[in-house]
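Now for the letters of each chain:
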Amino acid sequence: MIIFNSTDHPIAVFLYNRSIVIEARSYYEDPLIEGEYDFRAYKLRKNGKPLSYYGKNDEDWGAMMHVQRLCLGVSGKLTAERDCKLHIREKYCRFFGLSRNKSELECLECTVENGKLQNVQNYFPTYYWPKRELRGNYLLLGFFILCNLAMLSIPQYDISTFALKFLFQGLFLFLDWMCIRTIRILRKYPIRSETEVIRKDECN
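In this report, we go over the structure that sits alongside the text. All of these numbers come straight from a predicted model, not from anything done at the bench.

This part is about the side chain of Glu90. Mapped onto the fold, Glu90 is located in strand E8 (residues 73-98). Only 3.1 Å separates the side chain of Glu90 from the backbone nitrogen of Asp8, close enough to count as a polar contact. A polar atom in the side chain of Glu90 sits 2.7 Å from the side chain of Lys43.

Time to look at the packing of aromatic side chains. Summed over all chains, the structure comprises ten aromatic pairs. Considering the side-chain rings of Phe124 and Tyr189, the 6.2 Å spacing of their centres and the 85° angle between planes classify their relative orientation as edge-to-face. In this pair, Phe124 is assigned in the loop between strand E9 (101-123) and helix H1 (128-152) and Tyr189 in the segment after helix H2 (159-187), connecting sequence segments 65 residues apart. Residue Phe124 shares its accessibility class with Tyr189, and that shared class is buried. Here a set of aromatic residues connected by ring pairs shows up, and it is made of Phe143, Phe144, Phe168 and Phe172.

Our next topic: a nonpolar patch on the surface. On the surface, a nonpolar cluster with roughly 390 Å² of combined accessible area is contributed by Ile145, Leu146, Leu149 and Leu152. Position of Leu146 relative to the elements: it lies in helix H1. On the basis of relative accessibility, which here comes to 58%, the residue Leu146 falls in the exposed class.

Criteria and cut-off values
Residues numbered from 1 in each chain as written. Predicted model: local features only at pLDDT ≥ 70, side-chain atom pairs only at ≥ 80, totals over all residues. Heavy atoms only, no water. Helix = DSSP H or I, 4+ residues; strand = E, 2+ residues; numbered from the N terminus. Polar contact = N/O pair within 3.5 Å; in protein donor to acceptor, adjacent residues only side chain to side chain. Phe/Tyr/Trp six-rings, centres within 6.5 Å; stacked < 30°, edge-to-face > 60°. Buried < 20%, exposed > 50% of the residue type's maximum accessible area, 1.4 Å probe, protein only. Patch = residues over 30% accessible without salt bridge, like charges linked within 9 Å, V, L, I, M, F, W, Y side chains within 5 Å. Areas by Shrake-Rupley, 256 points an atom, 1.4 Å probe, with all protein chains shown as cover. Salt bridge = Lys/Arg side-chain N within 4 Å of Asp/Glu carboxyl O.

This is a description of form; function is not addressed.
Have a look at this one:
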């Protein structure tokens, strides 16, 4: 079996009771026999801890535009056949922000040759950053709702006041919707704190 890491970070891969570290843009060949195995993988920091969050400048726009990414691990049941090949890649989707300043979810996507991966589930490998993002969006949602209620209490003296009030109410409703959408996306994924120690003698 060959496992290809096509991502830009090292990945911890767990198969059955084995743990493997595969460096970025690299692969690992394992003498795995045919069968079914519990599988999971997640990105690693340089210190060996799970990577759950990182930021980077947008490649097209440079330092003024920043992308924040929450990283998800992946798990499932791997059925390996002869000459099985597993490709691990990244996939991104925006969950908050406008234009080039945005926050994205980074999912690990697996493609299997000569085998299949079933019961695939993405999850957060640590609890701190997803909990922080959820808490921040709940606070923002409450703040924008209060702002909208405050706008409703402003008396309307003329058409210009009404237009300004309508404009700000629309803006706060849009921000409310964005916070609710973000909360719904983040709550879809379970949080499983990874505590296993990767055995150094099996690291690539």
